[in-house]
Amino acid sequence: MLALEVRSITKRFRRGNVTVNALNDVSIGLDEGERLAVVGESGSGKTTLARIMVGLEQPDQGEIYFMGRKVADPKTKMDVETRRKFSIVFQDPYETLNPVKTVFDIVGFPLSVRGVKGEKLREAVYSVLRDVRLTPPELYVSKLPQQLSGGQRQRVAIARALIYGPKVLLADEPTTMIDASLKAEVLKLFLDLSSKYGVNLVTITHDFSVAPILSHRVVVMYKGMIVEEGPTREVLTNPLHPYTQALIAAVPKLEGEVKLMVRQEETREERGCPFFSRCPMRMEKCREEPPMRDLGDRRVRCFLY
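None of these values were measured; they are calculated from a predicted model. (Residues numbered from 1 in each chain as written. Predicted model: local features only at pLDDT ≥ 70, side-chain atom pairs only at ≥ 80, totals over all residues. Heavy atoms only, no water.)

Asks: Just give me the short version of the overall build of the protein chain, but keep the residues and values in it.
Replies: Looking only at helices and strands, the protein chain features 10 helices and 12 strands. Against the globule reference of 19 Å for 305 residues, the protein chain gives a C-alpha radius of gyration of 20 Å, in line with a compact fold. Each principal axis of the C-alpha distribution contributes one length, and for the protein chain these read about 65 × 45 × 40 Å. The buried share of the protein chain, reckoned over its 305 residues, is 50%. The long-range share in the protein chain, meaning contacts at least 24 apart out of those at least 6 apart in sequence, stands at 64%. For the protein chain, the exposed surface amounts to about 14400 Å²; the carbon and sulfur share of it is 49%. Positive and negative side-chain charges in the protein chain, numbering 46 and 39 respectively, have mean positions lying 3 Å apart. (Helix = DSSP H or I, 4+ residues; strand = E, 2+ residues; numbered from the N terminus. Rg over C-alpha atoms; globule rule 2.2 N^0.38 Å. Buried < 20%, exposed > 50% of the residue type's maximum accessible area, 1.4 Å probe, protein only. Contact = heavy atoms within 4.5 Å. Areas by Shrake-Rupley, 256 points an atom, 1.4 Å probe, with all protein chains shown as cover. Lys, Arg positive; Asp, Glu negative; His and termini not counted. Charge placed at Lys NZ, Arg CZ, Asp CG, Glu CD.)

Here you go:
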(Lines give C-alpha, C1' and ligand atoms only; values in the text may rest on other atoms or scores of the structure.)
Protein backbone atom coordinates (compact mmCIF):
# COMPACT_ATOMS: atom_id res chain seq x y z
CA MET A 1 0.00 0.00 0.00
CA LEU A 2 1.23 3.49 -0.84
CA ALA A 3 1.78 5.76 2.16
CA LEU A 4 0.91 8.82 0.08
CA GLU A 5 -0.48 9.22 -3.42
CA VAL A 6 -1.44 12.26 -5.45
CA ARG A 7 -3.51 11.53 -8.53
CA SER A 8 -3.81 13.86 -11.52
CA ILE A 9 -3.30 17.03 -9.47
CA THR A 10 -3.87 20.31 -11.29
CA LYS A 11 -3.56 23.76 -9.72
CA ARG A 12 -3.97 27.10 -11.49
CA PHE A 13 -3.41 30.67 -10.32
CA ARG A 14 -4.50 33.96 -11.87
CA ARG A 15 -1.89 36.68 -12.33
CA GLY A 16 -3.70 39.63 -13.80
CA ASN A 17 -5.14 38.42 -17.09
CA VAL A 18 -2.84 35.41 -17.26
CA THR A 19 -3.69 31.92 -16.02
CA VAL A 20 -0.63 30.09 -14.73
CA ASN A 21 -0.59 26.31 -14.59
CA ALA A 22 1.29 25.77 -11.33
CA LEU A 23 0.62 22.03 -11.58
CA ASN A 24 -0.64 20.13 -14.60
CA ASP A 25 -1.88 16.53 -14.14
CA VAL A 26 0.77 15.55 -11.58
CA SER A 27 0.65 12.00 -10.19
CA ILE A 28 3.12 10.63 -7.62
CA GLY A 29 3.06 7.61 -5.32
CA LEU A 30 5.20 7.25 -2.19
CA ASP A 31 5.78 3.77 -0.80
CA GLU A 32 6.01 3.22 2.94
CA GLY A 33 9.59 3.72 4.08
CA GLU A 34 10.56 5.48 0.86
CA ARG A 35 12.41 8.79 0.55
CA LEU A 36 11.51 10.97 -2.43
CA ALA A 37 13.12 14.11 -3.88
CA VAL A 38 11.16 16.55 -6.06
CA VAL A 39 13.68 18.57 -8.09
CA GLY A 40 13.20 21.59 -10.32
CA GLU A 41 14.09 25.25 -10.69
CA SER A 42 12.00 28.13 -9.36
CA GLY A 43 8.59 28.20 -11.01
CA SER A 44 8.48 24.44 -11.59
CA GLY A 45 5.57 23.91 -9.18
CA LYS A 46 7.40 21.82 -6.59
CA THR A 47 6.53 23.99 -3.58
CA THR A 48 2.87 24.22 -4.66
CA LEU A 49 2.86 20.43 -4.84
CA ALA A 50 4.31 20.22 -1.31
CA ARG A 51 1.64 22.57 0.07
CA ILE A 52 -1.11 20.50 -1.52
CA MET A 53 0.43 17.28 -0.18
CA VAL A 54 0.23 18.52 3.42
CA GLY A 55 -3.23 20.05 3.08
CA LEU A 56 -2.23 23.73 3.09
CA GLU A 57 -3.87 24.19 -0.32
CA GLN A 58 -6.53 22.35 -2.28
CA PRO A 59 -6.10 21.18 -5.87
CA ASP A 60 -8.35 22.44 -8.65
CA GLN A 61 -8.48 18.88 -9.97
CA GLY A 62 -7.25 15.55 -8.68
CA GLU A 63 -7.22 13.63 -5.42
CA ILE A 64 -4.88 12.91 -2.51
CA TYR A 65 -4.75 9.51 -0.81
CA PHE A 66 -3.12 8.61 2.50
CA MET A 67 -2.67 4.91 3.33
CA GLY A 68 -5.19 4.04 0.63
CA ARG A 69 -7.89 6.45 1.88
CA LYS A 70 -8.91 9.54 -0.07
CA VAL A 71 -8.26 12.55 2.16
CA ALA A 72 -8.64 15.55 -0.16
CA ASP A 73 -9.99 16.65 -3.53
CA PRO A 74 -11.22 19.95 -5.03
CA LYS A 75 -14.36 19.88 -2.83
CA THR A 76 -12.97 18.25 0.30
CA LYS A 77 -10.35 19.74 2.60
CA MET A 78 -7.99 17.48 4.49
CA ASP A 79 -9.38 16.98 8.01
CA VAL A 80 -7.41 17.98 11.10
CA GLU A 81 -6.52 14.44 12.17
CA THR A 82 -5.14 13.59 8.74
CA ARG A 83 -3.15 16.83 8.55
CA ARG A 84 -1.45 15.82 11.79
CA LYS A 85 0.04 12.88 9.88
CA PHE A 86 1.97 15.37 7.76
CA SER A 87 4.56 17.92 8.72
CA ILE A 88 6.70 20.37 6.81
CA VAL A 89 10.02 22.11 7.46
CA PHE A 90 9.80 25.37 5.55
CA GLN A 91 12.64 26.86 3.57
CA ASP A 92 13.32 29.92 5.72
CA PRO A 93 13.66 29.35 9.50
CA TYR A 94 14.19 33.10 9.92
CA GLU A 95 10.58 33.74 8.89
CA THR A 96 8.80 30.66 10.24
CA LEU A 97 9.91 30.84 13.90
CA ASN A 98 8.00 33.28 16.10
CA PRO A 99 10.59 35.88 17.21
CA VAL A 100 8.93 36.50 20.60
CA LYS A 101 8.60 32.82 21.58
CA THR A 102 11.28 30.74 23.26
CA VAL A 103 12.64 27.55 21.75
CA PHE A 104 10.64 25.57 24.32
CA ASP A 105 7.37 27.25 23.32
CA ILE A 106 8.07 26.91 19.59
CA VAL A 107 9.01 23.23 19.70
CA GLY A 108 6.34 22.28 22.22
CA PHE A 109 3.49 24.17 20.55
CA PRO A 110 2.15 21.26 18.41
CA LEU A 111 1.76 19.17 21.57
CA SER A 112 0.55 21.96 23.87
CA VAL A 113 -2.41 22.75 21.60
CA ARG A 114 -3.40 19.09 21.95
CA GLY A 115 -3.46 19.35 25.73
CA VAL A 116 -0.01 17.98 26.56
CA LYS A 117 1.56 19.94 29.41
CA GLY A 118 3.75 19.79 32.48
CA GLU A 119 6.47 17.18 32.83
CA LYS A 120 5.21 15.19 29.83
CA LEU A 121 5.61 18.22 27.56
CA ARG A 122 9.02 19.01 29.02
CA GLU A 123 10.26 15.47 28.43
CA ALA A 124 9.03 15.50 24.81
CA VAL A 125 10.67 18.85 24.03
CA TYR A 126 13.97 17.93 25.65
CA SER A 127 14.00 14.55 23.88
CA VAL A 128 13.47 15.95 20.40
CA LEU A 129 16.03 18.72 20.99
CA ARG A 130 18.59 16.04 21.80
CA ASP A 131 17.62 14.20 18.62
CA VAL A 132 18.28 17.29 16.48
CA ARG A 133 21.58 17.71 18.33
CA LEU A 134 20.80 20.86 20.28
CA THR A 135 22.50 19.62 23.42
CA PRO A 136 22.27 20.01 26.25
CA PRO A 137 18.64 21.17 25.82
CA GLU A 138 18.94 23.37 28.92
CA LEU A 139 21.17 25.74 26.93
CA TYR A 140 18.52 26.33 24.27
CA VAL A 141 15.00 26.09 25.71
CA SER A 142 14.94 29.69 27.00
CA LYS A 143 16.53 31.28 23.93
CA LEU A 144 14.70 33.34 21.33
CA PRO A 145 15.21 32.62 17.60
CA GLN A 146 17.34 35.74 17.11
CA GLN A 147 19.80 34.38 19.65
CA LEU A 148 20.46 31.32 17.47
CA SER A 149 22.56 30.73 14.38
CA GLY A 150 20.97 29.78 11.06
CA GLY A 151 21.85 26.13 11.55
CA GLN A 152 20.40 26.12 15.07
CA ARG A 153 17.17 27.72 13.84
CA GLN A 154 16.88 25.02 11.21
CA ARG A 155 17.24 22.38 13.92
CA VAL A 156 14.52 24.04 15.98
CA ALA A 157 12.23 23.97 12.93
CA ILE A 158 12.98 20.27 12.41
CA ALA A 159 12.30 19.53 16.08
CA ARG A 160 8.94 21.29 15.90
CA ALA A 161 8.02 19.30 12.79
CA LEU A 162 8.86 15.95 14.39
CA ILE A 163 7.59 16.32 17.96
CA TYR A 164 4.05 15.07 17.33
CA GLY A 165 5.09 12.00 15.32
CA PRO A 166 4.09 12.67 11.69
CA LYS A 167 4.07 9.89 9.11
CA VAL A 168 5.24 12.09 6.21
CA LEU A 169 7.83 14.86 6.58
CA LEU A 170 8.37 17.39 3.79
CA ALA A 171 11.62 19.33 3.73
CA ASP A 172 11.34 22.43 1.54
CA GLU A 173 14.81 23.48 0.31
CA PRO A 174 16.43 22.17 3.52
CA THR A 175 19.89 23.69 2.96
CA THR A 176 19.16 26.96 1.14
CA MET A 177 19.22 29.22 4.21
CA ILE A 178 22.18 27.71 6.04
CA ASP A 179 25.92 28.15 5.65
CA ALA A 180 27.49 25.88 3.05
CA SER A 181 29.83 24.43 5.66
CA LEU A 182 26.81 23.00 7.53
CA LYS A 183 25.11 21.49 4.49
CA ALA A 184 26.42 17.93 4.83
CA GLU A 185 25.72 17.93 8.57
CA VAL A 186 22.09 19.02 8.14
CA LEU A 187 21.47 16.53 5.34
CA LYS A 188 22.81 13.70 7.50
CA LEU A 189 20.55 14.89 10.31
CA PHE A 190 17.47 14.65 8.06
CA LEU A 191 18.56 11.19 6.97
CA ASP A 192 19.12 9.96 10.53
CA LEU A 193 15.88 11.43 11.84
CA SER A 194 13.74 10.03 9.02
CA SER A 195 15.02 6.59 9.98
CA LYS A 196 14.71 7.04 13.75
CA TYR A 197 11.19 8.50 13.61
CA GLY A 198 10.01 6.18 10.85
CA VAL A 199 8.75 8.99 8.62
CA ASN A 200 8.50 9.08 4.84
CA LEU A 201 10.77 11.94 3.78
CA VAL A 202 9.86 14.12 0.79
CA THR A 203 12.53 16.68 -0.11
CA ILE A 204 11.72 19.70 -2.28
CA THR A 205 14.88 21.13 -3.82
CA HIS A 206 16.48 22.88 -6.78
CA ASP A 207 19.83 21.29 -5.88
CA PHE A 208 20.50 17.94 -7.53
CA SER A 209 23.40 17.31 -5.13
CA VAL A 210 20.85 16.90 -2.32
CA ALA A 211 18.90 14.14 -4.09
CA PRO A 212 21.39 11.23 -3.82
CA ILE A 213 21.80 11.84 -0.09
CA LEU A 214 18.14 12.15 0.90
CA SER A 215 16.18 10.12 -1.64
CA HIS A 216 15.67 6.68 -3.10
CA ARG A 217 13.69 8.11 -6.01
CA VAL A 218 13.60 11.47 -7.75
CA VAL A 219 10.87 13.36 -9.60
CA VAL A 220 11.96 16.15 -11.96
CA MET A 221 9.44 18.95 -12.57
CA TYR A 222 9.30 21.70 -15.16
CA LYS A 223 6.52 24.28 -15.60
CA GLY A 224 4.14 22.33 -13.40
CA MET A 225 4.66 18.96 -15.08
CA ILE A 226 6.68 15.87 -14.23
CA VAL A 227 9.17 15.39 -17.04
CA GLU A 228 11.16 12.51 -15.56
CA GLU A 229 10.98 10.08 -12.64
CA GLY A 230 13.07 7.14 -11.51
CA PRO A 231 15.57 5.75 -9.00
CA THR A 232 17.82 8.60 -7.93
CA ARG A 233 21.13 7.05 -8.92
CA GLU A 234 19.84 6.03 -12.34
CA VAL A 235 18.44 9.49 -13.08
CA LEU A 236 21.69 11.14 -11.98
CA THR A 237 23.96 8.85 -13.99
CA ASN A 238 21.70 8.50 -17.04
CA PRO A 239 19.27 11.43 -17.29
CA LEU A 240 16.81 10.91 -20.13
CA HIS A 241 14.92 14.18 -20.51
CA PRO A 242 16.84 17.12 -22.04
CA TYR A 243 15.73 19.32 -19.13
CA THR A 244 17.10 16.86 -16.55
CA GLN A 245 20.34 16.71 -18.52
CA ALA A 246 20.57 20.52 -18.48
CA LEU A 247 19.89 20.70 -14.74
CA ILE A 248 22.57 18.15 -13.89
CA ALA A 249 25.09 19.72 -16.26
CA ALA A 250 24.52 23.15 -14.70
CA VAL A 251 24.83 22.22 -11.03
CA PRO A 252 28.66 22.03 -10.68
CA LYS A 253 29.15 25.25 -12.61
CA LEU A 254 26.99 27.50 -10.47
CA GLU A 255 26.67 28.57 -6.88
CA GLY A 256 23.26 28.72 -5.30
CA GLU A 257 20.18 28.08 -7.36
CA VAL A 258 20.47 26.73 -10.88
CA LYS A 259 20.19 29.69 -13.24
CA LEU A 260 17.77 28.30 -15.78
CA MET A 261 14.99 30.51 -14.55
CA VAL A 262 11.62 30.64 -16.29
CA ARG A 263 10.56 34.17 -17.13
CA GLN A 264 7.05 35.10 -16.01
CA GLU A 265 5.84 35.65 -19.56
CA GLU A 266 6.77 32.04 -20.34
CA THR A 267 4.62 30.55 -17.58
CA ARG A 268 1.24 31.09 -19.18
CA GLU A 269 -0.70 28.11 -20.49
CA GLU A 270 0.87 26.62 -23.61
CA ARG A 271 0.33 23.69 -25.91
CA GLY A 272 3.03 21.23 -26.75
CA CYS A 273 6.10 20.22 -24.81
CA PRO A 274 6.74 22.78 -22.03
CA PHE A 275 10.50 22.62 -22.72
CA PHE A 276 10.12 23.14 -26.49
CA SER A 277 11.57 26.67 -26.72
CA ARG A 278 14.74 25.72 -24.82
CA CYS A 279 15.32 22.14 -25.95
CA PRO A 280 18.38 21.53 -28.15
CA MET A 281 16.80 18.31 -29.47
CA ARG A 282 13.32 19.58 -30.30
CA MET A 283 11.47 18.22 -33.32
CA GLU A 284 8.36 19.41 -35.12
CA LYS A 285 6.40 16.72 -33.29
CA CYS A 286 7.30 18.39 -30.00
CA ARG A 287 4.74 21.09 -30.77
CA GLU A 288 2.32 18.50 -29.43
CA GLU A 289 2.29 17.63 -25.73
CA PRO A 290 4.28 14.42 -25.18
CA PRO A 291 2.69 11.72 -23.04
CA MET A 292 4.42 10.27 -20.00
CA ARG A 293 6.14 7.09 -21.15
CA ASP A 294 6.82 4.16 -18.81
CA LEU A 295 10.27 2.64 -19.29
CA GLY A 296 10.39 -0.04 -16.62
CA ASP A 297 11.26 1.70 -13.37
CA ARG A 298 11.68 5.02 -15.19
CA ARG A 299 9.14 7.50 -16.53
CA VAL A 300 9.89 10.28 -19.00
CA ARG A 301 7.75 12.83 -20.85
CA CYS A 302 9.59 13.10 -24.15
CA PHE A 303 9.15 12.03 -27.79
CA LEU A 304 12.78 10.88 -27.91
CA TYR A 305 11.69 7.67 -26.16
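Asks: Run through the sheet that holds strand E5 (residues 69–72), naming residues and quoting values.
Replies: The antiparallel open sheet is built from four strands, whose spatial order is E2-E1-E4-E5. Of all the strands in the sheet, the pair left with one neighbour each is strand E2 (18–31) and E5. Going across the sheet, the axis of each strand differs from the next one's by a mean of 30°, ignoring polarity. Both strand E1 (residues 2–15) and strand E4 (residues 61–66) contribute to a ladder of five bridges, which runs antiparallel. Its bridge partner lying in E4, Glu 5 is registered against Tyr 65. (Pairing = 2+ DSSP bridges. Axes fitted to C-alpha atoms, helices over the stretch in contact; angles between N-to-C directions.)

Asks: Could you give an account of a nonpolar patch on the surface, with specific residues and numbers?
Replies: Residues Met 281, Met 283, Leu 295, Leu 304 and Tyr 305 make up a contiguous nonpolar surface patch of roughly 390 Å² in combined accessible area. Given the relative accessible area of 34%, Tyr 305 is considered partly exposed. (Patch = residues over 30% accessible without salt bridge, like charges linked within 9 Å, V, L, I, M, F, W, Y side chains within 5 Å. Salt bridge = Lys/Arg side-chain N within 4 Å of Asp/Glu carboxyl O.)

Asks: Could you give an account of the packing of aromatic side chains, with specific residues and numbers?
Replies: By the definition in use, this model includes four aromatic pairs. Judged by centre distance (5.2 Å) and plane angle (90°), the rings of Tyr 222 and Phe 275 are edge-to-face. Placement of Tyr 222 in strand E9 (residues 217–222) and of Phe 275 in the loop between helix H10 (242–250) and strand E11 (293–295) is noted, with a sequence separation of 53 residues between them. The exposure class of Tyr 222 is buried, given its relative accessible area of 1%. (Phe/Tyr/Trp six-rings, centres within 6.5 Å; stacked < 30°, edge-to-face > 60°.)

Asks: Explain helix H5 (residues 118–131) to me, and be specific about the residues and the numbers.
Replies: Between the first and last C-alpha of H5 there are 20 Å, a value that for 14 residues agrees with the 20 Å anticipated at 1.5 Å per step. Following H5 by one or two positions, Arg 133 adopts a phi angle in the positive range, close to 65°. (Expected span 1.5 Å × (residues − 1).)

Asks: Just give me the short version of the pairing of strand E10 (residues 225–231), but keep the residues and values in it.
Replies: The element E10 is largely enclosed, with a buried count of six among its seven residues. Direction of pairing for E9 relative to E10: antiparallel, over a ladder of six bridges. Pairing of Met 221 across the sheet is with Ile 226, part of E10. The hairpin turn running from E9 into E10, its antiparallel successor, is two residues long, and Lys 223 in that turn takes a positive phi close to 50°. As paired strands, E10 and strand E12 (residues 298–300) are joined by two bridges and run antiparallel to one another. Note that in E12 the partner of Glu 228 across the bridge is Val 300.

Asks: Run through helix H1 (residues 46–53), naming residues and quoting values.
Replies: Across the eight residues of H1, six count as buried, placing the element largely inside the fold. Residues Lys 46, Thr 48, Leu 49, Ala 50, Ile 52 and Met 53 constitute the buried set of H1. In the stretch just after H1, Gly 55 is the one whose phi turns positive, near 85°.

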